[in-house]
Structures are given as C-alpha cells and as structure tokens.
Amino acid sequence: MPCESLEHDKKFGAEMKLGRRWALQSTICAVLVIVILLVVVDYELRQYSIEVAEEKARIIVQHKQDIINYVTHGIQPSISHLNDEADSLSIGSAPGWMTAGYVNKRIADYFKRFSSDQYYFKNAAVNARDARNEADLYEKKFLEKACLNSEGGPCSEVIEFEGKPYYRYMQAQHIRFAKACMSCHGSPENAPADLVARYGRDRGFNKKVGDVSSILSIRIPLEETYRGIDRIILGLFALCAAFFAVIFFFQLFIAKRSMVTPIKRITAESTAITNGERPPGGKLTLSGGDELSELASAFSGMSQKFAHSQDSLEALLKERNEQLLELREQTQAYLDIAAVMLIAFDCSGVITMINAKGREILGLSLDEAIGLNWFEHFSSNEKKEFFQLLLRKDIAVENHETTIVTRSGEMRSIDFYSILLRDSSGAVRGRLCSGTDITEQKQAEMFFLNSIERFKDIFEQAPIGYQLLDDRGALLEVNQTWLDYLGYKKGEVLGKFFIGFLSPAGQLCFEEKFSYVKATGGVLAAELEVLKKDGASVLMAIDGRISSADNDSCKKIHCILHDVSHERKIEAEKAKLEEQLRQAQRMETVGAMAGGIAHDFNNILAVILGNAEMAREDIPAGNPAIANIDEVLKASERAKSLIKQILSFSRKEKMRLVPVHPQLLVREALKFLRSTTPSSISIVQDISPDCGVVLLDPVQLHQLVMNLVINAVHAIEDRGEVVVRMQGVHLNNADFDQLALTTPCARAEGEYVQLSVTDSGVGMGRERIKRIFDLFYTTKDAGKGTGMGLALVHEIVKIHSGFISVESDLGRGSSFNVYLPVTAEEETPQIEGSSEVITGTERILFVDDEKSILTMGQHMLEGMGYRVVSESSSQRALELFKADANGFDLLITDQTMPNMSGTELIEEVLKVRADMRIILCSGYSFKVSAEDVKVQGISKYMTKPYGKKILSASVREVLANKS
C-alpha cells in the first residue's frame, strides 16, 4: 500500500479519514481470514511431511530388520556348520561374522554412497562394539524401556538436531541376549582373548541374559521439506496481498465519491463560518436523495438559526460589556482610594486586579501589573512558604506577615490578609488580598529593639558598677560589672540592703554618706570597703545621685561604683618607689662622694707611703724608729684596702676575677668586722684551712662577707652570736633538691666552697624569705636599713656563677649559705713589687698637680739614678716635651689635673712622638681604667698610692719593653 507524505495528510486528511477507515476495515477483515487460512495450510502441509517421513522410516526399519533376520537365521547358521567349535568361535569373533547389525550397517553405508535419499540409520546399543552405534541419551532411555517391556512399540518424534529439524524413529529388535551369547558379551575375563584385545574390556561386555541387544534408530531430515512448505506459503501470501491491495484502492475510490466528497463540502462550509470567512445562514445542497443530502439540508437550517441568534447575542454582549466596563472603572476608583494594598490573583497566581497603593509599592503601572505571576516576580525566596500556602484552596482566611520584592529590587515588609474568591457554584477561582506596608514600622521596631539591646549591653558591660537603691538603701537593680566585682548572681542581691555587703568600717561610713545623700541630693567619690562573696574585701569609690518623685520625697538613688583597690595599691607602690628613688639618689650621692674621697685620700696615702718608705731607708739599722715607720706602712696598706672597698661599694671599681683561696679573704674581712660589731654579739669562726681555689674578685668577696655578717648582726636584737663557716663540699642532683634555693640556678654537679653565716636572731617567715633579695626591700625599721645589702650579696653571688640558699624560722634565727664553684686554676701570688729597688739612668718627665706627690716622686726616681724633670702644670709639661721630644725616655703623669687631664696630655704627646713610653697614675678616675690604657697607647696604668718598689718595677718594666 503506498505511503503518503505528511503534507498530503494535512491537505486531504479531513476528507480521506472516513474513506480510509471504511476501506481499511474491510481489507483487514479479509486479511485476517486469509492469514488464518494460510496458517492452517502450513500446519497441514507439515503434518503431511511428517506422515511421509514416518512411512519412509517404517519401510527402512522393516528393510533393516529383514536383513538382520536373514543374516541371523540364514547366513550365520550355515557358516557355523562348516567349522568345528573352536574355528566357529574364532570366526564369530571377527567383525564381519560377529553380529547381524554390523552387516546391516555395512550394507547401509554401501547403498548410501549410491543413493540420493538422505537419512541416518544406527543399530544403537549401550557400550556398542562399534563406537558409531553408541546410543545417545534418548536412545538409551528407549533401550531401557525396551528391556523392561518386550511388547513395547516404536517411538517417533520431530527433534532439533544440530539446529535442523529431523524426524526420528526408534524400534526395539526382537533379538535378546541368550546364554550362548555370554561367551562374547558377558564378563571380559571369560571372553576370547583376541576379542578383548580387539575391543578392549568395555566395548560390548557385561551384558545380561534377556537384555535387548540393540534398537534400530533412524533420523530423516525435514529441513528441505519445510523449506518447500515455506515457499508455498510465502507465494500464497504474496498473491493474496496483491489481490487485497487492489481491493483496498477500489474501495477507497468508491468511498471518496460516495461519502468523502459530500462530507468535505459540509466541513468546508462549517470551517468558513467558524473562521468568519462566510456569515452563517447560507444554503447547502447536495445531489442525490441519500442520508448525506438530508444532513446538508439540516446543516443549512441550523446555520440560518445560528445567524439570527448571533445577531441577538452580539447586541446583548455589547450592552453588557459597556455596563461591565463602567462597573470596573467605578470599582477600580473605589479600590484606588484605599490606603492599603489590594490585589487579586487567580488560582495559578496571575494578578487580575491591583489598586493604586499596590502599584505604588510594587513600582508598576496597571497595564504592567495585570497578567504578571505574583509568585514568580514579587515573592522573596525566604517567604515562599506563605505564597505557596495561598495557593491552597482549603484555606479561607490567612493573616501573615511576609516580605516582597518590588520592581526595583527593594525588600518591603507587608502584613497580608486574604480571602478566597468563589464563583456562583462555590468553586474557588482566586484570592483577594489586602496588605499593609509595615516596612518603616518594622525598621522603627528593629531600631528600638537594637537600642534596647545596646543600652542593655552598655549597662551590663560598662567598665563601672551600677546600683539602684530605694530610699531605705535596698538594692533595686545592679549591672553585671557590679556582680563581677563581688562574685554574686543577680537573684542573690536584689531586694537586700546594700549595707549588708559592707565591712564594719564601711557600714559606719555608708550610714553617714547615705544620710548626706538624702540631705544634699548626691555624693562624690565616697570610698567604702565592700565584702565579696568569698569574704575578700575590695575598696570601692561610690558616686550617688537621687531622683525625686512629684512630692519631692526621696524615691531612688542611682550609684556608680568603681574598684579603686588597684589604684590605691599603685599609689602606695608609687610612694614606695619615690622613696626608693630618693634613697637611690642619696646612695648615688654617697657613691660620688666616695669616688672623690678615694681620689684625695689616695693622693694623701701616696705621700705618706712614699715618704715613709724613703724615711725607713734613711734610718740606720737598729733604730727604734724603724718599727714605728713599719706600723705607718701597715696602716697605709690597710687604708689602701679600705679605699678599694669604698670604690667597690660605690660601683666605681671594675671587677677582676682571679683564682684565690677564699678562706684567707674571709678571715681578713672578719678581722675588720670585729672592730665595728657590738661587744654583746660574738663572731664565731669555723673556717677550713683548705677549701679549694675559687675564681673571684677579692674586693667583691670582702663586701659579700661584710654584708652577710652585718645583716646577721642587725637580726640579733640584744645578745647572741654569728657563726661563720667555710668548707669544701661536693653537690649532686639529690643535694640540689634538698637545698632551700631562693632563686633558680644551673644544677651543675661538682665541687663547691660553702660559706655559711648563721645568726641567733628573730628569724623570718616564708613570705619574707621570697623577697629578701629584692632591691630596696628591708624588714628593718625606718632609718635602719636601705634594702641594698642582700640585693648586693645576691648580685655578687650571681656574677661569680654561684647560688645562695636561706633557711629561717621565726624565733630561731637564719642561715645564709653561699655556694661558689671551685676552679682548677692555681692561685697566682700577688707581687706588689721587687724585693729590691731597680735603678736606671734614663731621662723622665714627671707630671702631677700635687706638689707633695711631685716632690716625693722626683726624690724616689732620682734616688734610683734617673734624671727627672718634674712639672705640676700639664700644659707647661707639654711645652717642655715639644721643645725636646727626643730628650725624654719616659712620661709619668697623673690623670686628674686642672686645665688638661692626663689622657689629654698623653694624646698631645703621642701626636708629637708616637713611640713615647707613658705611665698613667690615678688615685681614681671614672674616665679611664687599667683595661683602657692599651687602647689609648699608654704603656702602663699605675694606681695610687704606690710605694718605691712598685714605682721602680713599673718604670723598669716600661723602659725595658722597647715595643
């Protein structure tokens, strides 16, 4: 059947539907009959082919059976009489004479080579002697049935073998194994050897008497027969299809002329009237007197009535539209004067009405708003649930506050109220909503709430306490800072009297201040001691002001509280630091005075020591005055040591660490302290003669011992004793754990010298022990201590890589234990000078502003053989040197001189002669020290006072050093 295009269907679809349908229905019925007929024919032809195959199989079986019977009953008995039993058995074991089936198979194979008839024959058996006769699964099952039922008939069926159809026919033979057959088909042990050798122990053996020996199995192929049947059926189908195609088009042609063309005219007339191409009322006539002509007449009558009705409806519709338009304009005017947003939309959310306020909020005109979907254009994502709720038809009234998005993207808060709109039948056709713009109101509320939160946060977290009291002094309100000050919760304090939170002294002060507030209206900076919840006290500064009611009676008292404990503590610390500063300034003044005294005193000692030495040399031996002169020299040496201590105390003397035996220095310091210690206090020594060598500054050790002993003496109120012990000890980690160390130290195991100073004084508590080494901390009364002694002790011990422990109890005295590490270095003997005066002949320029020292030095040097030019003015000495720079071998100058100091003079001299050898002398100078001289080009630094021996050794050392 030809296939028509889509355009053809569109053009002729209307008129062809009926004709096609009628033609197709008739054709389909005929096709169904023919298909059923072809199926029946196909079935009958196949059944006939099977019957033919069955008849052929029966003939073949009968033919094969006849051959078997002839071989079995005719040929084999005749041959068996030709030989004796042995030969018969031998001949019977050969393949050609053993079975009739074998003969039958050979005959079938022979004829099959010359015959075109295709079929498959097999004498099927289980464990057949010929593997080609081995029964398959179906043949085995049939053989088992044949053995059980000797009367069973043949079996036939159509099977699929290797994907092709076959007719299989199976029939059991009437020959069964007899007893005589067991010699060849029984046990292989009893069978002829050549038979077992030929077929093995499995093929054809282990049979039983009475078993069917084999079945005849035939397979006849049906593939070619079936193909022929399919060709016949296909040809019949093609012939029928061509016939019915002709019938279909013939019927289609008849239907078009008799039915489709008239219907097409009626359809075209209806379409023209519907599309307005032709007015209704026209007359339609068809030739003939059949049903279609009657249909055309009825259509013409209906068209005329419809034309009359249309004119009436148009007039009525025009009148109703005018009335509706007038009513709509009036309704819109009524709605536009409303101060709230009015909007209506249908069940899908399309806006059908909106008033002026709504258009103003949305930012749209009336034409722009009508027809928009409310939920797509104006509902915010956060408020979708409300607008989705509006779409439900089962909710009559809904009041909801939500947010909408205007045309400009602004978010507005609207309070909506909605009702359902129903038609006359009660069906929901939309919703009418009224909405009030509450955006400014919400902003004002939010601002108000935020203001409250900010005020609350300021009130609670202000860095100052607040309380509100009634006129009786009861707490009406407190803030969080107030609670944090005292450690309470708000519920624990409200309603209670504030006076109950004060100390006894604070209560007395509050009663006085509270009355004052009532009388004057306020109070400023009243300090009260307030008790915390844990019992601790805190000093509070309180400012109060009252607020009065209309009758001018005291109603409420507003108070702010501020913790001034820390401020008062800072003020106390400030006063203490100011006092310490004044004390430090006094000590600085004392240090400066000590430096000046040391300089002058050293000059005096230099004169005393030098002249005493020269006088001793001039006195003849045996003169009693020599002993007196020696005492003068000893006193001068002690005074020299005392000046060193003064300089160390004033921090003007630089420290020199040298290896020494500390016990000798301790004994010397104790000897000095005895003269200053009250007679009621005894100093007991327990000093080991061999404590080891310690790397230290002798002057610093001297001061350490003096400060510890003086501190012990001050700790004894009346009578008592101070015990000073010194010994060598070995410390390990366990010893460090047991020591009462006051400050951290490096735990270095090894040998130490332990210096212990123990007193029988009043002792100290643990809190005081923690602070005794703090600078300016003292437990003595005002004017009896500076708080510097033990601080200096701690500093000295720290500088010497040692540590100190303190043991003390109130009423039992104190014990200070100083540990200094022992060094492996050996003590270097301190040589003050040669035992004999060394002489020379060089020319020396000697400069000093002290006339007595200048005279003494000149006499000493000249007594040694030197040529000396002395000058008290450093400026004149420079002029002398410039006049004869190469005429001097050595310059000896004092440091502290008017107009030009010693270092300034040396600087000018070195400008004139860079290799000039120079000795700088000083009783004390903060500008230069022994360590600085080499940097400034000075050959040697010599401290005052010095003796003749030291002077001669120093001069000779410098002159001998040519570099």
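Residues numbered from 1 in each chain as written. Predicted model: local features only at pLDDT ≥ 70, side-chain atom pairs only at ≥ 80, totals over all residues. Heavy atoms only, no water.

In this section: the overall build of the chain. Helices and strands together make up the secondary structure of the chain, namely 28 helices and 26 strands. Classification of the 963 residues of the chain by burial places 39% in the buried group. Taking contacts inside the chain between residues at least 6 apart in sequence as the whole, the part at least 24 apart equals 61%. (Helix = DSSP H or I, 4+ residues; strand = E, 2+ residues; numbered from the N terminus. Buried < 20%, exposed > 50% of the residue type's maximum accessible area, 1.4 Å probe, protein only. Contact = heavy atoms within 4.5 Å.)

The tally for this structure, following the rule as stated, stands at 28 salt bridges. With a closest N to O distance of 2.7 Å, aspartate 437 and arginine 412 form a salt bridge. Note that aspartate 437 is positioned in strand β9 (residues 428–437) and arginine 412 in strand β8 (residues 411–422), a separation of 25 residues in sequence. On the basis of relative accessible area, aspartate 437 is assigned to the partly exposed category, the value being 23%. Where aspartate 470 meets arginine 472, a salt bridge forms, and the shortest distance between an N and an O atom there is 3.2 Å. A relative accessible area of 9% means that aspartate 470 is categorised as buried. Connected through salt bridges with shared partners, the residues Lys164, Glu223, Glu224 and Arg227 form a single ionic network. (Salt bridge = Lys/Arg side-chain N within 4 Å of Asp/Glu carboxyl O.)

Direction vectors running N to C along helix α20 (residues 662–674) and helix α21 (residues 698–715) enclose 50°, while the axes themselves pass 9 Å from each other. On the basis of their axis angle, the class for α20 and α21 is oblique. Judged by the sense of rotation from one axis to the other, the crossing of α20 with α21 is right-handed. Note on element contacts: α21 touches α20 through Pro698, Leu701, His702, Val705, Met706, Val709 and Ile710, opposite Pro662, Leu665, Val666, Ala669, Leu670, Phe672 and Leu673. Its residues placed into classes, the contact of α20 with α21 shows 13 nonpolar, one polar and no charged. (Axes fitted to C-alpha atoms, helices over the stretch in contact; angles between N-to-C directions. Parallel < 35°, antiparallel > 145°, perpendicular 65-115°, else oblique. Left-handed = near helix turned anticlockwise from the far one by under 90°. Nonpolar A, V, L, I, M, F, W, Y, C, P; charged D, E, K, R; others polar.)

The subject of this paragraph is the environment of glutamate 460. Assignment of secondary structure puts glutamate 460 in helix α14 (residues 439–461). Setting aside residues no more than four positions away along its own chain, glutamate 460 makes contact with Asn479, Gln480, Thr481 and Lys490.

With that settled, consider the pairing of strand β1 (residues 120–124). Across the five residues that make up β1, a large majority, four, are buried. Pairing of β1 with strand β4 (residues 215–221), which is carried by five bridges, proceeds in the antiparallel orientation. Among the inter-strand pairings, asparagine 123 is bridged to a residue of β4, identified as leucine 216. (Pairing = 2+ DSSP bridges.)

Packing of helix α26 (residues 874–883) against helix α27 (residues 902–912) leaves a shortest axis separation of 10 Å and a crossing angle of 10°. Taken together, the axis directions place α26 and α27 in an arrangement best described as roughly parallel. Residue-level inspection shows Ser874, Leu878, Phe881 and Lys882 of α26 in contact with α27, the latter providing Leu905, Glu908, Val909 and Val912. Its residues assigned to classes, the contact of α26 with α27 shows five nonpolar, one polar and two charged.

A few words on a nonpolar patch on the surface. Among the surface-exposed residues, Ile597, Phe601, Ile604, Ile608 and Val632 lie close enough to one another that they form a single nonpolar patch of about 390 Å² accessible area. Among the elements that make up the nonpolar patch, the one with the highest residue count is helix α18 (residues 565–618) (four residues). Tracing the chain through its elements places valine 632 in helix α19 (residues 625–649). (Patch = residues over 30% accessible without salt bridge, like charges linked within 9 Å, V, L, I, M, F, W, Y side chains within 5 Å. Areas by Shrake-Rupley, 256 points an atom, 1.4 Å probe, with all protein chains shown as cover.)

With that settled, the discussion passes to the confidence of the model for the chain. Here the chain averages 77 in pLDDT, while 79% of its residues score no lower than 70. Every residue in residues 1–16 scores below 50 in pLDDT, and together they form 14 contacts with partners more than four places removed in sequence or on other chains. (pLDDT = per-residue confidence, 0-100.)

As a further point, take the sheet that holds strand β25 (residues 918–922). Reading across the sheet, the five strands line up as β23-β22-β24-β25-β26 and stay open at both edges, with parallel pairing between neighbours. Each edge of the open sheet carries a strand with a single partner, namely β23 (867–871) and β26 (940–943). Within this sheet the neighbouring strands show an average axis-to-axis angle of 20°, counted without direction. Examined bridge by bridge, strand β24 (residues 890–894) and β25 share four bridges and lie parallel to one another. Following the sheet pairing, isoleucine 892 is matched in β25 by isoleucine 919.

Strands sit in the order β1-β4-β3-β2 across an open sheet of four strands; the sheet is antiparallel. Where the open sheet ends on each side, the last strands, each with one partner, are β1 and β2 (155–161). Neighbour-to-neighbour, the strand axes of this sheet turn through a mean angle of 25°, independent of strand direction. Across seven bridges, the pairing between β2 and strand β3 (residues 164–172) is antiparallel. Within the sheet, the bridge partner assigned to phenylalanine 161 lies in β3 and is lysine 164. In this fold helix α5 (residues 137–148) packs onto β1, β2, β3 and β4, with an angle of close to 20° to the strand it touches most, β3.

What follows concerns α21. Between the first and last C-alpha of α21 there are 26 Å, a value that for 18 residues agrees with the 26 Å anticipated at 1.5 Å per step. Within α21, 14 of the 18 residues are buried, which leaves it mostly tucked inside the rest of the structure. (Expected span 1.5 Å × (residues − 1).)

Inspection of every chain in the model, using the stated rule, returns seven aromatic pairs. Here the aromatic rings of tyrosine 752 and phenylalanine 803 are separated by 5.5 Å at their centres, their planes lie at 65°, and the arrangement is edge-to-face. In this pair, tyrosine 752 sits in strand β19 (residues 750–759) while phenylalanine 803 sits in strand β20 (residues 803–808), placing the two residues 51 residues apart along the sequence. Look at phenylalanine 803 and you get buried, because its relative accessible area is 5%. Taken together through their ring pairs, the aromatic side chains of Trp482, Tyr488 and Phe501 make up a single cluster. (Phe/Tyr/Trp six-rings, centres within 6.5 Å; stacked < 30°, edge-to-face > 60°.)

Structurally, the position occupied by lysine 305 is in helix α9 (residues 291–336). We classify lysine 305 as exposed; its relative accessible area is 65%. Along the chain, lysine 305 and proline 280 lie 25 residues apart, while their C-alpha atoms are 8.4 Å from each other.

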